[in-house]
Amino acid sequence: MRKEKALLSILSDGEWHSGEDLAQTLGVSRTAVWKQLNRLMDDGVSVERLRGKGYRLTDSIDLLDGDVIASRLATTVRDALHLDVFDTIDSTNAYLMQGRERPDKTVRACVADRQEQGRGRRGRAWSSPPGENVYLSLALRLQGGFAALEGLSLVVGVAVVRALDKLGLGRARLKWPNDVLVDARKLAGILIELQGELEGAARVIIGIGINVHMSDSERVVDQPWISLDRAEPRVAWVRNEVIAEVINETLSVLDVFERNGFDALRDQWQSLDALYGQALRTEPDGDEGIGAGIDHTGAYRLDTGDGEKTLRAGEISIRRQV
Ligand code: BTN
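Summarised in this report is the structure supplied together with it. (Residues numbered from 1 in each chain as written. Predicted model: local features only at pLDDT ≥ 70, side-chain atom pairs only at ≥ 80, totals over all residues. Heavy atoms only, no water.)

Quick word on the packing of helix α7 (residues 152–167) against helix α9 (residues 239–260)
Item 1. Put simply, α7 and α9 touch, their axes get as near as 8 Å, and they point 135 degrees apart. Here α7 lies oblique to α9, going by the angle between them. By crossing handedness, the relation of α7 to α9 is classed as right-handed. Only Glu241, Val242, Glu245, Val246, Glu249, Thr250, Ser252, Val253, Leu254 and Phe257 of α9 make contact with α7, whose side of the interface consists of Leu152, Val155, Val156, Ala159, Val160, Arg162, Ala163, Leu164, Lys166 and Leu167. (Axes fitted to C-alpha atoms, helices over the stretch in contact; angles between N-to-C directions. Helix = DSSP H or I, 4+ residues; strand = E, 2+ residues; numbered from the N terminus. Parallel < 35°, antiparallel > 145°, perpendicular 65-115°, else oblique. Left-handed = near helix turned anticlockwise from the far one by under 90°. Contact = heavy atoms within 4.5 Å.)

Okay, structure coming up:
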């Protein structure tokens, strides 16, 4: 797919391109272009051919492009970040877990068009078909050891909602601890993994999966889901833009988190709480009550009618009562 990628990138504008122009731009013969087009079609890309006009893609295609992502990052973010872009990878989180730090950069980022072993929370798989969604991981060091990381996954949720709001989706909300929902359907998930010492600087790997163009056939999941295309069809969602904005917002929120702690972002999280005032049931314990927001550590409060129960991330999940 390497050679075909440049061809696909030219065609991704959806316009007609003559064989001659393609050959010239790519610096190859017309026969080579024709062979590459055939290979693309064998891979399921739908290409239309018209005598006198040339070739164009039948369906629009949303390609990942590291240069486009970089061009949309805030300057300070771009300077601090090393970005790897893959066609296929096992998992972007696993890649950064294995990877080394880069002495010249404080943040590493990795995105992939598809993941073969996308990881979700609680050991679940994360469906990661090609061409459809965002699979993004960030690795960085945060001061204060593991104890200072309480609330980290919640503030990343705030960053994702803020980024989507900037791009035109204003009604995303958070389901504790960090699912991003629209109309009670899951739009995005966050998986935080930690490396390093109990004290001192901990290395965190933040994995973010966002459904962008996902189609029905692609998804095998145990809960209702939604994509950006469906949640806000008036916006032409472009994965490179979503990735850049999510990186910008995540690093901005983490800066506040590291300097001022979770309390500085708590009110923002509360204002996005999809479960507040809802009748809830915990799993697997089966406690029932009304959602009452988070405490100063980020634990969720459940008003049981007989006092308050505090839920900690990783132990219990919450579902709406049916
Ligand atoms: C969840 O279960 O809600 C968390 C899903 C996290 C998925 C993302 S996709 C990018 C990164 N790489 C992975 O393997 N998982 C995370």
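Continuing now.
Concerning the site of the ligand
Item 1. In the vicinity of the ligand lie 20 residues, with Ser91, Gln115, Arg119, Arg121 and Lys186 positioned nearest.
Item 2. Gln115 is positioned with one of its side-chain polar atoms (N or O) 2.9 Å from a nitrogen atom of the ligand.
Item 3. In this structure, an oxygen atom belonging to the ligand sits 2.7 Å away from a main-chain N or O atom of Arg119.
Item 4. Against a free-state accessible area of 420 Å², the protein chains account for coverage of 98% of the ligand.
Item 5. Put simply, the parts of the chain that give the shell around the ligand at least two residues each are α6 (92–98), β5 (134–142), β8 (185–196) and β9 (202–210). (Near = heavy atom within 4 Å. Polar contact = N/O pair within 3.5 Å; in protein donor to acceptor, adjacent residues only side chain to side chain. Areas by Shrake-Rupley, 256 points an atom, 1.4 Å probe, with all protein chains shown as cover.)

Description of the side chain of Asn133
Item 1. When you line up the elements, Asn133 lands in the loop between β4 (107–115) and β5.
Item 2. In this structure the side chain of Asn133 is engaged in a polar contact, spanning 3.0 Å, whose partner is the backbone nitrogen of Val212.
Item 3. In this structure, Asn133 is in contact with Ile210, Asn211, Val212, His213, Met214 and Arg239, ignoring residues within four places of it in sequence.

A few points about the packing of α7 against helix α10 (residues 263–271)
For any two helices packed against each other, one specifies the crossing angle of their axes together with the interaxial distance.
Item 1. It is the contact of α7 with α10, at a shortest axis distance of 10 Å, that shows an interaxial angle of 55 degrees. If you check the angle between α7 and α10, you find them oblique. Note that α7 runs across α10; the crossing there is left-handed. Contacts between α7 and α10 involve Leu154, Val155, Val158 and Arg162 on the former and, on the latter, Leu265, Gln268 and Trp269.
Item 2. Classifying every residue of the contact of α7 with α10 by side-chain character gives 5 nonpolar, 1 polar and 1 charged. (Nonpolar A, V, L, I, M, F, W, Y, C, P; charged D, E, K, R; others polar.)

Digging into empty space enclosed by the protein
Item 1. On inspection of all chains with the given rule, the structure shows 1 cavity of 30 Å³ or more.
Item 2. Estimated volume of the largest cavity: approximately 50 Å³.
Item 3. Around the largest cavity sit Glu101, Arg102, Lys105, Thr106, Val107, Arg108, Ala139, Leu140 and Arg203, which together line it.
Item 4. Looking at the lining of the largest cavity, the elements that each hand over two or more residues are β4 and β5. (1 Å grid on protein atoms, 1.4 Å probe; cavity = no way out; pocket = protein on both sides within 12 Å on 5 of 7 lines; lining within 4 Å. Points joined across faces, edges and corners; volume = space filled by probe spheres on them.)

A few points about the nonpolar core
Item 1. Judged by nonpolar contacts, the single largest core of 63 residues is most densely connected at Ile210 and Ile247.
Item 2. Per-element tally for this core: the top contributor is α7, with 11 residues.
Item 3. Excluding residues that lie within four positions of it along the chain, Ile247 makes contacts with Leu73, Val77, Leu81, Ala109, Leu136 and Leu138.
Item 4. By size, the runner-up hydrophobic cluster in this structure holds 12 residues, among which are Leu8, Ala23, Val33 and Leu40. (Core = buried A, V, L, I, M, F, W, Y, C linked by side-chain atoms within 4.5 Å. Buried < 20%, exposed > 50% of the residue type's maximum accessible area, 1.4 Å probe, protein only.)

In short, geometric facts, not functional conclusions.
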